[in-house]
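Below are the chains, spelled out letter by letter.
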Amino acid sequence: MVEGSRVAWVGSAAQAPAADEVVDAGGRAVLPGFVDSHSHLVFAGDRSREFAARMAGEAYAAGGIRTTVAATRAATDEQLTAHVARLVQEMGRQGTTTVEIKSGYGLTVHDEARSLAVARQFTDETTFLGAHVVPAEYADDPAGYVELVTGPMLEAAAPHARWVDAFCETGAFDVDQARAVLAAGAAHGLRGRLHASQLGPGPGVVLAAELGLAAVDHCTYLTDADIDALRDSGTVATLLPGVEFSTRQPYPDARRLIDAGVSVALASDCNPGSSFTSSVPLCIALAVREMGMTPAEAVHAATYGGARALLRDDVGRLTVGARADLVLLDAPSYLHLAYRPGVPLVAGTWIGGRPAWPG
Ligand SMILES: [Zn+2]
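The numbers attached to residues start from 1 for each chain and follow its sequence in the written order. Side-chain atom pairs in this predicted model are given and counted only at pLDDT of 80 or more, local residue features only at pLDDT of at least 70, and totals for whole chains, interfaces and linings cover all residues. The side-chain quantities take in all heavy atoms of the structure and omit both hydrogens and water.

Draft legend 1. Expanded view of the overall build of the protein. Helix numbering and strand numbering both begin at the N terminus, where a helix is a DSSP run of H or I of at least 4 residues and a strand a DSSP run of E of at least 2. Within the protein, the secondary structure is distributed over 13 helices and 15 strands. Only C-alpha atoms enter the radius of gyration, while the globule expectation follows 2.2 Å times N to the 0.38, with N the number of residues. Computed over the C-alpha atoms, the radius of gyration of the protein is 20 Å, within 12% of the 21 Å expected from 2.2 N^0.38 for a compact globule of 359 residues. With the C-alpha coordinates aligned to their principal axes, the bounding extent of the protein is approximately 70 × 45 × 45 Å. Of all 359 residues assigned to the protein, the portion counted as buried reaches 53%. When contacts within the protein are restricted to residue pairs at least 6 apart in sequence, those whose partners lie at least 24 apart make up 72%. What sets the accessible areas is the Shrake-Rupley method with a 1.4 Å probe; for residues, cover comes only from the shown protein chains. As displayed, the protein has an accessible area near 14600 Å², and 53% of this comes from carbon and sulfur atoms. Only protein chains enter the area calculation, which uses a 1.4 Å probe; residues under 20% of their type maximum are buried, those over 50% are exposed, and those in between are partly exposed. Throughout, a residue-residue contact means that at least one pair of heavy atoms, one from each residue, lies within 4.5 Å.

Encoded structure:
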């Protein structure tokens with residue numbers, strides 16, 4: 001039962017207290033709305049040719065981000081806003097009721113700040129990712145770029161952001177640079193999260209655990225020491241199988257993480273280069289088919305796992321007091337999310353107790 005924007009009572013229909021309005025789901029499954037804790041929606045341009053080339057055998061490298069940077073800088077605020085609106089709506093139709101959105105395709109003081117201002121119109125979970133890649137104009141001076149990110153760019157971005165993030169990977173930023181970015185963000189009141197171990201094992205996961213970050217994302221290549229550090233710190237490992245699907249890389253081993261006692265989230269990483277899907281149901285299906293998760297674990301990771309990765313306890317679960325963010329499936333059980341991959345099963349969503357889609 002929902003009162004105002006919150007869940008007021010949970011139990012079997014036979015015992016439900018009287019309500020002003022009753023919605024009969026007709027035997028269909030109702031779930032908490034998906035919490036997509038990792039996306040890069042503020043961008044312009046199209047990289048479908050690069051995707052096609054990759055499927056024809058070319059390798060994925062972090063530098064492809066620069067293609068999107070040029071298009072994003074050239075776009076107007078209105079174009080960026082309209083594009084984010086379209087993608088957020090697309091996510092909503094697939095059951096996402098909370099979304100995190102990063103900057104990271106502007107990479108100038110002005111373009112990072114306006115990217116976050118655009119994102120802020122759609123969510124409170126905005127993340128400053130000036131440390132996404134070193135832009136072409138700083139190719140010979142990466143240290144100078146880190147100074148820009150930790151100085152004037154952060155200054156301009158911080159009022160629009162809740163989080164700070166860095167891409168700690170060969171070809172992007174090393175562990176000392178990532179540490180500097182996270183420390184500067186923390187000094188401005190931003191909480192930290194990190195991209196790490198997407199393309200190979202690296203020091204980012206241990207750094208995230210050491211700093212007690214809410215989440216470290218990708219975690220495709222993990223050492224035993226990484227897993228021990230994650231378990232001990234409680235840092236959520238956010239797995240992004242849309243990336244492995246779209247870059248033809250090996251999937252992360254979710255089973256190994258869960259069996260070791262690590263908290264796991266699933267998110268779309270919706271972005272134009274490495275994972276241009278906005279579909280959490282696709283991620284759930286991939287996690288079950290390719291990553292050793294049970295359907296229950298995958299749905300939990302895409303709801304409450306995402307909430308934990310954002311340090312939220314009001315979303316991602318339907319307990320008394322939680323925000324009434326609901327997904328109604330055209331299916332008798334959540335199992336169908338993995339059992340019927342690629343099928344549009346979401347019949348409706350509610351955010352804060354109000355119909356959000358189809359409205
Ligand atoms: Zn990402």
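Draft legend 2. Summary view of the coordination of the zinc ion. All of the protein donors around the zinc ion are His38 (NE2), His40 (NE2), His195 (NE2) and Asp269 (OD); their distances to the metal are 2.0 to 2.6 Å. A donor here means any N, O or S atom no more than 2.8 Å from the metal (3.2 Å for Na, K and Ca); water is not included, so a site may seem to lack partners. Here the donor residues of the zinc ion are spaced in sequence according to H-x1-H-x154-H-x73-D. Residue His40 is found in the loop between β4 (34-36) and α1 (48-55), and its partner His195 is found in strand β9 (residues 191-196); the two are separated by 155 residues along the sequence. Note on His40: relative accessible area 2%, which makes it buried. Assessed through its relative accessible area of 2%, His195 is described here as buried.

Draft legend 3. Broad picture of the environment of Gly130. Structurally, the position occupied by Gly130 is in strand β7 (residues 126-131). Residue classification places Gly130 among the buried residues on the basis of a relative accessible area of 0%. Sequence separation between Gly130 and Ala172 is 42 residues, and the spatial gap between their C-alpha atoms is 11 Å.

Draft legend 4. Expanded view of the nonpolar core. Here the nonpolar core consists of buried residues drawn from Ala, Val, Leu, Ile, Met, Phe, Trp, Tyr and Cys, with membership extended through side-chain atoms lying within 4.5 Å. Core analysis: the largest hydrophobic core is formed by 79 residues, its most contacted members being Phe128, Leu194, Leu257, Leu266, Ile284 and Leu329. Looking at this core element by element, the count peaks at seven residues for helix α5 (residues 142-157). Excluding residues within four positions of it along the chain, Leu257 makes contact with Leu222, Ile227, Leu230, Ala237, Leu239, Val262 and Val264. In terms of nonpolar packing, the next biggest core, distinct from the first, is built from six residues, Val35, Ala214, Leu310 and Val315 among them.

Draft legend 5. Highlighting the sheet that holds strand β13 (residues 326-329). Note on pairing: DSSP must find at least two bridges between two strands before they are called paired. Reading across from one edge, β3-β13-β14-β15 is the order of the four strands in this open sheet, with antiparallel pairing throughout. Both edges of this open sheet fall to β3 (30-32) and β15 (354-357), since each of them pairs with a single strand only. Neighbour-to-neighbour, the strand axes of the sheet open up by a mean angle of 30°, direction not taken into account. As paired strands, β3 and β13 are joined by three bridges and run antiparallel to one another. Pairing of Pro32 across the sheet is with Leu326, part of β13. Axis definition: a line fit to C-alpha positions, over the contact stretch in the case of helices; interaxial angles, taken between N-to-C directions, run 0 to 180 degrees.

Draft legend 6. Inspection of the pairing of strand β14 (residues 346-351) at higher detail. Pairing geometry for β13 and β14, over four bridges, is antiparallel. Directly across from Val327, in β14, lies its bridge partner Thr349. Pairing between β14 and β15: three bridges, direction antiparallel. Within β15, the residue paired with Thr349 across the bridge is Trp357.

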